[in-house]
Amino acid sequence: MALARGLLCAGLITLLPSACTPPAADVPASATPPPALPAGSHEVAGRTLTLRLPYRSADGKLWVATQRTADTAPFFFRSLDVEPHAGPQGTDLAIFVYEADGPGTATLEFELVPAGKTRVGPAGAPYLHDGPPAARYTATVTAR
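In short, a report on the structure. Small disclaimer: the values here were computed from a predicted structure and weren't measured.

Within the protein chain one finds zero helices and nine strands. When the helices and strands of the protein chain are read in sequence order from the N terminus, they spell out β-β-β-β-β-β-β-β-β. Looking at the protein chain residue by residue over its 144 residues, the buried ones come to 41%. Considering only contacts in the protein chain between residues 6 or more positions apart, those separated by 24 or more positions represent 68%.

What follows covers the nonpolar core. Residues Leu-51, Trp-63, Phe-75, Phe-96, Tyr-98 and Phe-110 are the most contacted members of the largest nonpolar core, which totals 22 residues. Of all the elements in the fold, those that place two or more residues in this core are strand 4 (48–55), strand 5 (61–65), strand 6 (75–83), strand 7 (92–100), strand 8 (104–114) and strand 9 (135–143). Apart from the residues within four sequence positions on either side, Phe-110 is in contact with Leu-51, Leu-53, Trp-63, Val-64, Ala-65, Thr-66, Phe-96, Tyr-98, Ala-135, Arg-136 and Tyr-137.

Spatially, 5-8-9 is the arrangement adopted by the three strands of the open sheet, whose pairing is antiparallel. Looking at the sheet topology across the chains shown, the edges are occupied by strand 5 and strand 9. Adjacent strand axes in the sheet meet at a mean angle of 20° when their direction is disregarded.

With the rule as written, the count across this model stands at three aromatic pairs. Each ring, one from Tyr-98 and one from Phe-110, has its centre 6.3 Å from the other, and the planes form 75°; the classification is edge-to-face. In this pair, Tyr-98 sits in strand 7 while Phe-110 sits in strand 8, placing the two residues 12 residues apart along the sequence. Counting every residue linked through ring pairs, the aromatic cluster contains Phe-77, Phe-96, Tyr-98 and Phe-110.

On to the sheet that holds strand 7, then. An order of 3-4-7-6 is seen for the four strands of this open sheet, with the pairing classed as antiparallel. Of all strands in the sheet, those bounded by a partner on one side alone are strand 3 (41–45) and strand 6. Ignoring which end each strand starts from, the neighbouring axes of this sheet average 15° apart. Where strand 3 lies against strand 4, five bridges are found, and the strand directions are antiparallel. Bridge pairing in strand 4 places Val-44 opposite Leu-49.

Procedures and definitions
- Residues numbered from 1 in each chain as written.
- Predicted model: local features only at pLDDT ≥ 70, side-chain atom pairs only at ≥ 80, totals over all residues.
- Heavy atoms only, no water.
- Helix = DSSP H or I, 4+ residues; strand = E, 2+ residues; numbered from the N terminus.
- Buried < 20%, exposed > 50% of the residue type's maximum accessible area, 1.4 Å probe, protein only.
- Contact = heavy atoms within 4.5 Å.
- Core = buried A, V, L, I, M, F, W, Y, C linked by side-chain atoms within 4.5 Å.
- Pairing = 2+ DSSP bridges.
- Axes fitted to C-alpha atoms, helices over the stretch in contact; angles between N-to-C directions.
- Phe/Tyr/Trp six-rings, centres within 6.5 Å; stacked < 30°, edge-to-face > 60°.

This is the structure we're talking about:
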């Protein structure tokens, strides 16, 4: 299992570009777009939430949380693993793990954006991405 180098700052979770296979060389705009990604999945076991989000590091895009950690209460970020070629159809797999500190329901949202970018932060933040994401994943989960 390969651990990703990540950044957790002010509640932001993003993968650094060097955490995975480097992106492919620039591709002309006329090139055929990559095939659609397989669907992500999540499961809750007790108070542990595990999200499995497939992506292709060669596309130069990675999954990031779209909300601050405090906005996901009672779930709080615990870890992130990146497993190259471990996802469906040979995709890479980002595995986010959250723990609940009590009972409750939360909606966690993730978006696939250019590597090294985030969707949350103050205006003008150096790694802020304001374009449309390549994909979205939302999980509404309950801890008992």
